[in-house]
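The lines below spell out each chain.
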Amino acid sequence: MWLVAPVALILVSLAAFGLYQGADALLTSHHTGKKPVDVQDIIKVTVTILTLVGAVLAGLYAYRKQLLEEGASHRADATQLAERYAKAAEQLGHEQAAVRLAGVYSMARLADDWPEQRQVCIDVLCAYLRMPYETDPTEPGFKQGEKEVRLTIISTIRDRLQYPKSPTTWCGYKLDFTGATFDGGDFSDAAFFGGMVDFGGAAFSGGAVNFGEATFSSGLVNFRTATFSGGTVYFGGAAFSGGMVDFFGATFSGDTVYFGGATFSSGRVYFGGATFSGGRVYFGGATFSGGTVDFGGAAFSGGTVDFTGVEVHAAAVIDWGPFPEIPPNHP
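What counts and how
Residues numbered from 1 in each chain as written. Predicted model: local features only at pLDDT ≥ 70, side-chain atom pairs only at ≥ 80, totals over all residues. Heavy atoms only, no water. 1 Å grid on protein atoms, 1.4 Å probe; cavity = no way out; pocket = protein on both sides within 12 Å on 5 of 7 lines; lining within 4 Å. Points joined across faces, edges and corners; volume = space filled by probe spheres on them. Helix = DSSP H or I, 4+ residues; strand = E, 2+ residues; numbered from the N terminus. Nonpolar A, V, L, I, M, F, W, Y, C, P; charged D, E, K, R; others polar. Salt bridge = Lys/Arg side-chain N within 4 Å of Asp/Glu carboxyl O. Buried < 20%, exposed > 50% of the residue type's maximum accessible area, 1.4 Å probe, protein only. Axes fitted to C-alpha atoms, helices over the stretch in contact; angles between N-to-C directions. Parallel < 35°, antiparallel > 145°, perpendicular 65-115°, else oblique. Left-handed = near helix turned anticlockwise from the far one by under 90°. Contact = heavy atoms within 4.5 Å. Expected span 1.5 Å × (residues − 1). Arc of directions from axis to C-beta.

Our focus in this paragraph is empty space enclosed by the protein. Using the criterion set out here, one finds two cavities of 30 Å³ or more in the structure. There is about 70 Å³ of room inside the largest cavity. Gly172, Phe192, Phe193, Gly194 and Val197 are, among the 17 residues lining the largest cavity, the residues nearest its centre. Secondary structure elements with two or more residues in the lining of the largest cavity: β4 (191-192), β5 (196-198) and β8 (220-222). In terms of residue class, the lining of the largest cavity is built from twelve nonpolar, five polar and no charged. Size it by volume and the second largest cavity reaches roughly 40 Å³. Forming the walls of the second largest cavity are Phe216, Phe240, Ser241, Gly242, Gly243, Met244, Val245, Phe264, Ser266, Gly267, Arg268 and Val269. Counting residues per element, the ones that place at least two in the lining of the second largest cavity are β10 (239-246) and β12 (263-270). Looking at which element gives the most residues to the lining of the second largest cavity, the answer is β10, with six residues.

Following the criterion strictly, the structure yields ten salt bridges and no others. The salt bridge partner of Asp176 is Arg130, with a shortest N-O separation of 3.7 Å. On the criterion of sequence distance, the pair formed by Asp176 in strand β1 (residues 175-176) and Arg130 in helix α4 (residues 118-130) is long-range, its members being 46 residues apart. Judged by relative accessible area, which is 17%, Asp176 ranks as buried. By relative accessible area, which is 31% here, Arg130 ends up partly exposed. With a closest N to O distance of 2.8 Å, Arg158 and Asp186 form a salt bridge. Here Asp186 lies in strand β3 (residues 185-186) and Arg158 lies in helix α5 (residues 146-159), a separation of 28 residues in the sequence. We classify Asp186 as partly exposed; its relative accessible area is 28%. Taken together, the shared-partner salt bridges in this structure form one network comprising Arg100, Glu146 and Arg150.

This paragraph deals with the packing of helix α3 (residues 97-113) against α4. Two numbers describe how α3 lies on α4: the axes approach to 8 Å, and their chain directions differ by 155 degrees. When the interaxial angle is binned, α3 and α4 end up roughly antiparallel. Two packed elements cross with a definite hand, and for α3 against α4 that hand is left-handed. When α3 is examined against α4, the residues Arg100, Val104, Met107, Leu110, Ala111 and Asp112 are found in contact with a partner set consisting of Arg118, Cys121, Val124, Leu125 and Tyr128. Tallied by class, residues from the contact of α3 with α4 come to eight nonpolar, no polar and three charged.

The end-to-end C-alpha distance of α4, which contains 13 residues, comes to 19 Å, matching closely the 18 Å that a straight helix rising 1.5 Å per residue would cover. Along α4, the positions that sit buried rather than exposed are Arg118, Cys121, Ile122, Leu125, Cys126, Tyr128 and Leu129. The buried residues of α4 all sit within an arc of 150 degrees when viewed along its axis, so they share a single face.

In this section: the packing of α4 against α5. Here α4 crosses α5 at 140 degrees, and the two axes come no closer than 10 Å. Classified by the angle their axes make, α4 and α5 are oblique. Crossing of α4 over α5 shows left-handed handedness. Of the residues in α5, those in contact with Leu125, Cys126, Tyr128 and Leu129 of α4 are Glu146, Val149, Arg150, Ile153, Ile154 and Ile157. In the contact of α4 with α5, the residues fall into eight nonpolar, no polar and two charged.

Here it is as structure tokens:
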């Protein structure tokens, strides 16, 4: 600035002198043989032009200054957000459950404040659920308070899937729970549309995982090769109006998967290649007015699929496919 200001002053002075001389010559040439042009008129014209030039230069300077300030502010914000991310990630790795809980809330708030990196924050929380998890208190890998941390992550994700139009919604983002262990969790009233929700290879080994009143309107919710060996996975009252819920190759060996009162108006729920060796899949009171529920290639050797009280309209399709292992008189 100390260098630019004197140079700009000299240039403006030269421009003023040139404008004065030019205006004087121009006006004199147009008044040959007539009354000479008043010097004050020339000065007024010169000053007016200089004022306009100065206004333009001042506007350019103000705009440039604003850009620099915005850039500095953006860099400061980015630095602050990066520091918050590092701190939250550090808390999630802490030995004490209370500190890990604080890390969950910090990472979720950061995702709300940082749309550009929201997916990264979501990935961190999902990755936490995919980490090895010992549910038996008598085993060496058991961590006191770990279940509470994991349930908090699930409820935090659920809360941000309930309002799709919110500026902080997580609807449409990828949620990767592949291989995770669930011994409880609440996804009730969540809106699954767009993106992908992946429970592939997950183990539902106890407790209740609740998808009650959830909405599946597009995208893919993947339960491929998941294992249901205990507890209940509850889809009661859920609305399937698009997309696909895929249980291909899943194993039902002692769990209850409950679709009671659910509404299927489009989309597809696919149990192809699933194995039912125990447990129960219950559709009691469900309404099929469109879409497809596909059991093609499923193997039944002890489980139950219950359609008591189901309403099936003409637009719906329930595809049983060939059942080489289905017991006689099976429901």
